[in-house]
Amino acid sequence: MKVWPGRDSKYAMMRSPVSEPGLAGPPEVVLVGRCVSGDERAWRDLYRAHYPVAGAFLRKLGVKERELDDATQEVFVQLFRALPQFRGEAQLKTWLYRLCATQARRVRRWRVVSDALRSWFGDNAPRSTLQDLSDDSVLRQVGAALERLTETDRLVFVLYELEGLSGNEISAIVGCPVATVWRKLHYARQNFRAAVEGEASS
Amino acid sequence: MIEPSPKRLVEQQDPVAALLQRAAEQYAEGLDASRALQRLQTKHRSTAPRVSWLLAGSALVAALALLVLVAARLPWPRHAVTAGALTAEQLGRKAPLSNESAGLVSPQSSTVTTSLPAPAPARPSQREAARADVHRPAPKLAASAVAQPRELPPAEPDCAKLARSADTKAAAACFAERAGGSGLSAQVALYELSRLERDALGKPAQALATLERYLERFPNGSLNGEARFSRLELLVRLGRAQEALAASRAFLSSSFGVERAAEVHLLRGNLLLREKQSAAASVEYRAALSAPGRVGDDAAYQLAVALEQSADRQRARAAYERYLERPGARHVAAAKARLAELSK
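Residues numbered from 1 in each chain as written. Chains lettered and ligands numbered in written order. Predicted model: local features only at pLDDT ≥ 70, side-chain atom pairs only at ≥ 80, totals over all residues. Heavy atoms only, no water.

With respect to the overall build of chain B
Defined as follows: The helix count covers DSSP runs of H or I at least four residues long, the strand count covers runs of E at least two residues long, and both are numbered beginning at the N terminus. Contact between two residues is taken to exist if any of their heavy atoms lie within 4.5 Å; hydrogens are not considered. Residue exposure ignores everything except the shown protein chains as possible cover, and the areas themselves are Shrake-Rupley values with a 1.4 Å probe.
Scanning chain B for helices and strands turns up 19 helices and 0 strands. In chain B, the proportion of contacts linking residues at least 24 apart, taken out of those at least 6 apart, comes to 50%. Put simply, chain B shows about 19,900 Å² of open surface, and 57% of that area lies on carbon and sulfur atoms.

As structure tokens, then:
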């Protein structure tokens with residue numbers, strides 16, 4: 001029975017972004033090595049392999065469609081900058097998730113500032129793309145419920161429930177003990193469920 | 001490493017699980033890496049000539065924003081206005097006050113503001129207006145000017161809310177009731193109950209009993225590692241050193257020990273030092289030396305103390321000197337005092 005949609009294929013992609021027949025060592029480390037040595041094709045491969053994961057994860061953390069291109073671009077700039085330090089001890093996806101979480105936080109903060117500036121200059125119309133305005137009730141409902149969670153609770157919830165990561169992986173990304181991850185998850189679930197059920201009843 | 005993970009929501013059979021599954025699919029839709037790469041390249045090509053304009057523009061915006069901020073903070077001179085009108089200006093700047101609220105202005109504040117020659121400095125009027133506001137209900141305009149909280153059902157768990165509101169007995173009862181259930185909810189409730197008993201109610205023995213109940217009920221529970229570590233701390237606090245040493249040994253050899261090894265080594269070192277086993281304590285402190293932050297710092301200082309206790313003056317002195325070289329050392333004064341004592 002398929003318990004989790006798209007989970008296997010996505011994880012397989014994350015673990016081995018590009019297969020490198022004939023080259024020794026784990027494909028991820030090899031690819032990173034090529035990137036660091038300045039191979040432009042390797043950069044593209046890395047981007048193509050990880051872009052869907054980063055994009056979907058940023059959306060889940062509340063980044064809007066109009067902000068998504070800039071946010072993912074910034075994440076990859078940060079990732080490429082940090083790649084020379086990559087030794088393969090941690091998985092590349094752990095880095096990617098951490099960078100995405102930081103970028104999503106920056107985007108939300110910048111949104112507050114830009115909204116304030118727009119209201120000062122009298123532009124009260126929301127800047128929405130077509131996708132933001134789409135009548136997508138599922139995403140709207142889940143998005144509204146996720147908005148009710150605190151920043152860390154949301155991160156833990158998304159990583160566990162939507163990204164399918166383990167407690168240890170989340171602990172490494174969030175930077176707290178595994179037990180704290182489970183406690184945060186517990187409260188996040190309660191709040192998420194209450195928000196969804198509250199919305200459904202109203 | 002065995003990791004007791006709670007069952008994921010999506011693996012359950014309920015509407016929330018179905019909603020999450022559908023959302024997971026939709027979040028991943030329309031993310032085409034090739035097109036994103038093209039957009040990125042196009043953007044880079046068109047961005048280069050615009051950079052200088054962008055810089056100039058952002059500098060201008062920053063200067064304007066600064067001006068607006070400064071202007072908003074300056075006490076602008078105002079003409080005489082009634083206290084009520086001034087309050088409306090401060091809060092709404094949109095419409096005059098209703099007759100009802102204007103009639104509620106105290107005579108004192110009206111006299112003060114109207115007696116001032118025009119233009120009058122704003123500060124006294126504002127103060128008087130604020131004083132007048134204390135004695136009257138807020139005008140409707142003010143209420144509408146303030147951002148309304150979202151009208152969503154309260155989602156905070158009741159027990160945690162009670163604990164935060166310092167109603168500890170009610171919170172303990174709430175957690176105890178919830179602990180009777182099952183799953184992660186019951187686990188968290190039992191664990192939170194023990195924390196409450198330990199920290200807020202000041203009943204470490206009771207907290208220990210609650211943790212032992214947790215470990216008995218949920219031997220593979222998600223909070224097992226944290227519960228075992230808390231139990232260890234409570235044993236130390238209750239003065240049950242031998243039990244604590246045995247429990248810490250078991251903890252270190254378990255899968256949970258890896259995560260908090262440095263803290264446990266420090267704790268064992270302190271216990272052994274108290275038992276006058278300074279050689280064994282030194283071994284434990286050395287194992288915790290590389291830990292970052294407070295744990296590593298304490299271990300480095302305590303190592304010197306243990307060496308001093310074992311009458312190894314030369315090595316103790318060297319250890320204190322090494323400790324003083326640590327960046328951000330927390331026990332500098334004590335270490336210097338001990339070093340001076342050892343140098344005599």
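Here's the deal with helix α19 (residues 332-343) of chain B
Given 3.6 residues to a turn, an α-helix orients residues that are three or four positions apart in the same direction. All names here are of chain B. Basically, it comes down to this: Take the residue count of a helix, subtract one, and multiply by 1.5 Å to get its expected span. Accessibility here uses a 1.4 Å probe with only protein chains present; expressed as a share of the type maximum, an area under 20% marks a residue as buried, one over 50% as exposed, and anything in between as partly exposed. This arc describes the spread of directions from the helix axis toward the C-beta atoms.
Here α19 contains 12 residues, and its C-alpha end-to-end distance of 16 Å stays within 8% of the 16 Å for a straight helix at 1.5 Å per residue. All buried positions along α19 are accounted for by Ala-335, Leu-339 and Leu-342. For α19, the arc enclosing every buried residue in end-on projection is 65°, short of the 170-degree limit, so these residues lie on one face. Every exposed residue of α19 that faces more than 90 degrees away from the buried side is listed here: Ala-333 and Lys-336. In this structure, the buried residues of α19 make contact with α17 (293-309) and α18 (313-325).

Structural notes on the interface of chain A and chain B
Counted only if it meets this: Buried area, as used here, totals the accessible surface that two parts lose on assembly, with accessibility defined by a 1.4 Å probe and the loss added over both. Any carboxyl oxygen of Asp or Glu within 4 Å of a side-chain nitrogen of Lys or Arg constitutes a salt bridge here.
Listed as interface residues are 54 residues of chain A and, on the opposing side, 58 residues of chain B. Together chain A and chain B conceal approximately 5,200 Å² of surface at their shared face, both sides included; 61% is due to carbon and sulfur atoms. Ranking the residues of chain A by area buried against chain B places A:Arg148, A:Trp182 and A:Arg183 at the top, with a combined share of 12%. Scanning the region where chain A abuts chain B turns up 2 salt bridges.

Considerations on the nonpolar core
Residue and element names in this part refer to chain A. Short version of the rule: Nine residue types can take part in a nonpolar core, namely buried Ala, Val, Leu, Ile, Met, Phe, Trp, Tyr and Cys, and a core is a set of them joined through side-chain atoms within 4.5 Å.
One finds Phe-57, Leu-58, Leu-146, Phe-157, Leu-159, Trp-182 and Phe-192 to be the most contacted residues of the largest nonpolar core, which totals 128 residues. When residues of this core are assigned to their parent elements, the largest contribution, 10 residues, is made by helix α10 (residues 178-201). The contact partners of Leu-159, leaving out residues within four places of it in the chain, are Phe-57, Tyr-97, Gly-164, Leu-165, Ile-170, Ile-173 and Val-174.

Concerning the environment of B:Ala281
All names here are of chain B. For Ala-281, the position within the fold is in helix α16 (residues 278-288). Exposure remark for Ala-281: the relative accessible area of 0% places this residue in the buried category. Measuring from C-alpha to C-alpha, the distance between Ala-281 and Ala-306 comes to 6.6 Å, with 25 residues separating the pair along the chain. Discounting chain neighbours no more than four positions away, the residues touching Ala-281 are Gly-269, Leu-272, Leu-273 and Ala-306.

Looking at unusual backbone geometry
All names here are of chain B. Phi is positive for Lys-276, close to 65°, though the residue is something other than glycine. Topologically, Lys-276 is positioned in the loop between α15 (261-274) and α16. For Lys-276, a relative accessible area of 64% gives the class exposed. Positive phi values are uncommon outside glycine, yet Ala-311 reaches one of about 65°. For Ala-311, the position within the fold is in the loop between α17 and α18.

Considerations on the environment of B:Arg294
Position of B:Arg294 relative to the elements: it lies in helix α17. Excluding its chain neighbours within four sequence positions, the residues that come into contact with B:Arg294 are B:Leu266 and B:Arg330.

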